[in-house]
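Observations on the three-dimensional arrangement
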Amino acid sequence: MTLFQAFIEALESLNSNKLRSGLTILGIVIGVAAVIAMLAIGRGAQDSITGAISGIGTNLLFVFSGNDQANLRNVRPLTIQDAEAIGDPFLAPHVAAVAPFIQSGNVIVSAGGEQARTSLGGVTPEYFKVRNFRVAEGEEINQEHLLGRASVALLGVEVAEKLFGRREGLVGETVRIEGQPFRVIGVMEEKGGSSFGSQDDVVFIPMTTARTRIIRRSTINRVDLILVQAVSARDVPQAAEEVAAILRERHRTEVGADDFTILSQQDFLQTVDTILGVFTTFLGGIAAISLLVGGIGIMNIMLVSVSERTREIGLRKALGARKRDILIQFLTESSLLSLIGGLIGILLGWVIAYIVGQIAAATGNAFTPAVGLDAILLATITSTIIGLFFGIYPANRAANLEPVEALRYE
Amino acid sequence: MAEAVVIAENLTKVYKMGEVEVHALRGLSLQIFKGEVVSIMGPSGSGKSTLMNILGCLDHPTSGRYILDGEEVSHLRDDQLAEIRNRKVGFIFQSFNLLGRQTALANVELPLRYAGVTKGRKERARQSLVAVGLENRLHHKPTELSGGQQQRVAIARALVNNPAIIMADEPTGNLDSKVGQEIMDLLLSLNRERGTTLIIVTHDPKIAAQTQRVIRIRDGVVDDTPEAERAKMEAA
Ligand SMILES: Nc1ncnc2c1ncn2[C@@H]1O[C@H](COP(=O)(O)OP(=O)(O)OP(=O)(O)O)[C@@H](O)[C@H]1O
Ligand SMILES: [Mg+2]
């Protein structure tokens, strides 16, 4: 018996009991579809978040106050002066630009009768360069605004839409931030959604204005974050060293007890990758359990099939079938069940992933589930192996039947 | 006389059922010659089917020697026996034992498949079906055939590999006497035309009377009582 013949016979045999074969296949379909969809969704989430982080710029450093690695007695906050020191080209030759930043995650902005809750960023002109942000209309916050503590605001498109119902022709309008009037000098370009929430739901005002009028800090010169742009992506490590040296000096920290944290985009990516990797594995693991259940279904049906066909097996043996022939016959059937299930499951999983992507897009969390070739290979191979594995016991049972006993079986 | 196809010496078969041992064969010896048509008769439970299973290489004897077509087969492994069955034995069963989902042609092809024949397989199967008079039923499934026709398919299947012997365990048992006689005629004509060696187990004296030799089995051994004496005993 050639494998091809075994294949044809297996198809015929599965075909002769369509409902049963179909239900068995369904078990595998669900398992494989779940695995494919889960992996695709996990992968999609990973892609979109890492994409968002990559979009921040590859030569950026984030400097925070505090350090959870060290056990610190007193932590000095980061200040404007720290930022200025980092910006000194003699102290930090690999730093191209420095943008101190303060923020409030929850302010009330109103215009006319409309009001909106949004986040507020107090920025310097460098901020736009460092983040690669541009205005769609109007002008960016400049040095004059900063020095004059001007009451001017740049609106994100989402805020603009909420307050004015449009995103154009807003320059010169007045908005109230925490009750205080600000003149709109521009609207930001649309950034689109990201996994961190919308980047368009934001208002920027000059840092000096923010510090004195909206976001009051205990230490007057304190900033929440310093963004540092290295000269190039290659210079990021040196720039980080220089920043660290400057801050150690200024904060007079003990050796090995930095009271600040410097993160590069790579650090972020790594952390996020790790977390999402665990998340994806977890989802995939749950899906794999349903695949296992599908495999047990195959074993069950194959056992039923073997005992139903005992006489047939006896007859085949009488006509000259060897153990191997019977083994191959039943293994072919079980692997075919799972292979068909696997293929349908891949398609179904793909469809599910696509639908989830559409739903995500419709709700503004654009991310594209990614069905990788590796996931497809994995699912195909796993489902075939499951068919073989769970088929071995029943097939072996069939192959070892005594011909005389089998022929006498009713 | 011609050469012996079957030489069985001192065959015993013991079935163990827990504590109880059933001695189905107790030192049975016989010879069957090439081209012979032999019937095996005997009371129910005398060991006819057990003997047929051993002669057909479906089962091992517990002890004794068995030479089939010049080959000692009593000590062969399962897979070797499978090959012997495939090449040298054709089986005809009381209940036909056809694969219900397959056509007559596919059923007859089956032994050729296990023999690894790929070329001309269909044609050989077709010829075999022609030989049993079923040239018009090649693509019928067993459920679309009468009992007699089904048994003809089984005979075609038994013939297709040109076996040394054909073993039929009550081949007419499931058929009415008219159809049974047709099957018997077919078997006898195959023997005449091809010289096929036939061993037929039967309870029917009319069937046995048409064979060249009757081997009687009683309690697991060949019953050698001469015919005249048996007649007396049965009359008594
Ligand atoms: N698998 C088995 N296990 C135990 N005992 C068995 C087995 N097969 C047959 N026997 C016993 O062996 C003896 C011979 O049985 P066998 O089937 O050979 O009889 P038979 O001559 O073919 O009878 P019948 O004419 O009714 O078909 C019987 O006593 C039977 O009960
Ligand atoms: Mg019997």
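Residues numbered from 1 in each chain as written. Chains lettered and ligands numbered in written order. Predicted model: local features only at pLDDT ≥ 70, side-chain atom pairs only at ≥ 80, totals over all residues. Heavy atoms only, no water.

Some words on the overall build of chain A
If you tally the helices and strands in chain A, you get 13 helices and ten strands. The C-alpha radius of gyration computed for chain A amounts to 32 Å, which surpasses the reference 22 Å derived for 410 residues by more than 25%, pointing to a less compact arrangement than a globule. If one aligns the C-alpha atoms of chain A with their principal axes, the spans along those axes are about 105 × 55 × 35 Å. The buried share among the 410 residues of chain A stands at 50%. When contacts within chain A are restricted to residue pairs at least 6 apart in sequence, those whose partners lie at least 24 apart make up 79%. With 34 positive and 40 negative side-chain charges, chain A shows a separation of 5 Å between the mean positions of the two kinds. (Helix = DSSP H or I, 4+ residues; strand = E, 2+ residues; numbered from the N terminus. Rg over C-alpha atoms; globule rule 2.2 N^0.38 Å. Buried < 20%, exposed > 50% of the residue type's maximum accessible area, 1.4 Å probe, protein only. Contact = heavy atoms within 4.5 Å. Lys, Arg positive; Asp, Glu negative; His and termini not counted. Charge placed at Lys NZ, Arg CZ, Asp CG, Glu CD.)

Considerations on the domain arrangement of chain A
On domain assignment, one finds that chain A holds domain 1 (3–53 + 270–407) and domain 2 (67–258). One C-alpha centre belongs to domain 1 of chain A, the other to domain 2 of chain A; they are set 53 Å apart. (Domains from an automatic or database assignment.)

What to know about the site of ligand 1
Residues in contact with ligand 1 amount to 16 residues; listed here are only the nearest, Ser 44, Gly 45, Lys 48, Ser 49 and Thr 50 of chain B. What surrounds ligand 1 is not a single chain but chains A and B. Take Gly 45 of chain B: an N or O atom from its main chain is 2.9 Å from an oxygen atom of ligand 1. For ligand 1, the protein covers 71% of the area, taking 630 Å² as the surface of the free molecule. Of all the secondary structure elements, the ones that give two or more residues to the shell around ligand 1 are α13 (403–408) of chain A together with β1 (4–17), β2 (20–33) and α1 (48–55) of chain B. Per-element tally for the shell around ligand 1: the top contributor is α1 of chain B, with three residues. Its residues assigned to classes, the shell around ligand 1 shows five nonpolar, seven polar and four charged. (Near = heavy atom within 4 Å. Polar contact = N/O pair within 3.5 Å; in protein donor to acceptor, adjacent residues only side chain to side chain. Areas by Shrake-Rupley, 256 points an atom, 1.4 Å probe, with all protein chains shown as cover. Nonpolar A, V, L, I, M, F, W, Y, C, P; charged D, E, K, R; others polar.)

With respect to helix α3 (residues 104–114) of chain B
For an α-helix the count is 3.6 residues per turn, leaving residues at separations of three or four pointing the same way. Residue and element names in this part refer to chain B. Of all eleven residues making up α3, eleven are buried, and the element is well covered by its neighbours. All buried positions along α3 are accounted for by Ala 104, Leu 105, Ala 106, Asn 107, Val 108, Glu 109, Leu 110, Pro 111, Leu 112, Arg 113 and Tyr 114. With its phi angle positive at about 80 degrees, Gly 116 sits one or two positions after the end of α3.

Observations regarding the sheet that holds strand β3 (residues 37–41) of chain B
Residue and element names in this part refer to chain B. With mixed pairing, six strands are arranged side by side in an open sheet as β6-β7-β8-β3-β9-β10. Looking at which strands have only one partner, the edges of the open sheet turn out to be β6 (89–92) and β10 (221–222). Seen against the sheet, helix α2 (residues 78–88) touches β6 and β7 (165–169) and runs at an angle of roughly 80 degrees to β6. (Pairing = 2+ DSSP bridges. Axes fitted to C-alpha atoms, helices over the stretch in contact; angles between N-to-C directions.)

A look at the packing of aromatic side chains
All names here are of chain A. The final tally for this structure, using the stated rule, is eight aromatic pairs over all chains. When the centroid spacing of 5.8 Å and the interplanar angle of 80 degrees are considered together, the rings of Phe 128 and Phe 204 count as edge-to-face. Of this pair, Phe 128 sits in helix α4 (residues 126–131) while Phe 204 sits in strand β8 (residues 202–206); the two residues are 76 residues apart in sequence, bridging distant segments of the chain. The exposure classification of Phe 128 matches that of Phe 204, with both residues buried. Ring pairs connect the aromatic residues Phe 101, Tyr 127, Phe 128, Phe 133 and Phe 204, which therefore count as one cluster. (Phe/Tyr/Trp six-rings, centres within 6.5 Å; stacked < 30°, edge-to-face > 60°.)

Considering the environment of Ser 383 of chain A
Residues and elements named next belong to chain A. Examined against the element boundaries, Ser 383 turns out to sit in helix α12 (residues 373–399). The sequence separation of Ser 383 and Gly 295 amounts to 88 residues, and the corresponding C-alpha distance is 8.0 Å. Leave out the neighbours within four places in its chain, and Ser 383 touches Ile 28, Val 32, Ser 338 and Gly 342.

Notes on the interface of chain B and chain A
Between chain B and chain A, the contact holds 22 residues from the first and 23 residues from the second. In total, chain B and chain A occlude about 2,200 Å² of area from one another, counting both sides; carbon and sulfur atoms represent 54% of this. Three residues, Arg 101, Arg 113 and Tyr 114 of chain B, lead the burial of chain B against chain A; their summed loss comes to 32% of the area buried on that side. Across the contact surface, chain B and chain A share three salt bridges. As a salt-bridge pair, Lys 323 of chain A and Asp 78 of chain B come within 4.0 Å of each other at their nearest N and O atoms. Linking chain B with chain A are eight residue pairs in polar contact (both at pLDDT 80 or more). (Buried area = accessible area lost by both parts, 1.4 Å probe. Salt bridge = Lys/Arg side-chain N within 4 Å of Asp/Glu carboxyl O.)

Re the pairing of strand β9 (residues 213–218) of chain B
Residue and element names in this part refer to chain B. Of the pairings in the sheet, the one linking β3 to β9 comprises four bridges and is parallel in character. The residue bridging Met 41 from the neighbouring strand is Arg 216, located in β9. Two strands pair when backbone bridges link them, and β9 and β10 are joined in this way by two bridges, in the antiparallel orientation. By the bridge assignment, Arg 218 is partnered in β10 with Val 221. Count of turn residues in the β9/β10 antiparallel hairpin: two residues, of which Asp 219 carries a positive phi of about 50 degrees.

Details of the pairing of strand β7 (residues 180–188) of chain A
Each regular strand carries side chains that alternate between the two faces of the sheet. All names here are of chain A. Judged from the three bridges that link them, strand β4 (residues 135–138) and β7 form a sheet pairing that is antiparallel. Each residue of the ladder has a partner; that of Glu 137, found in β7, is Val 187. Relative to β7, strand β5 (residues 152–155) runs parallel, the two sharing four bridges. When the bridges of β7 are listed, Leu 154 appears paired with Gly 186. When strand β6 (residues 174–177) meets β7, the two strands line up antiparallel, connected through four bridges. Bridging across to β7, Ile 177 finds its partner in Gln 180.

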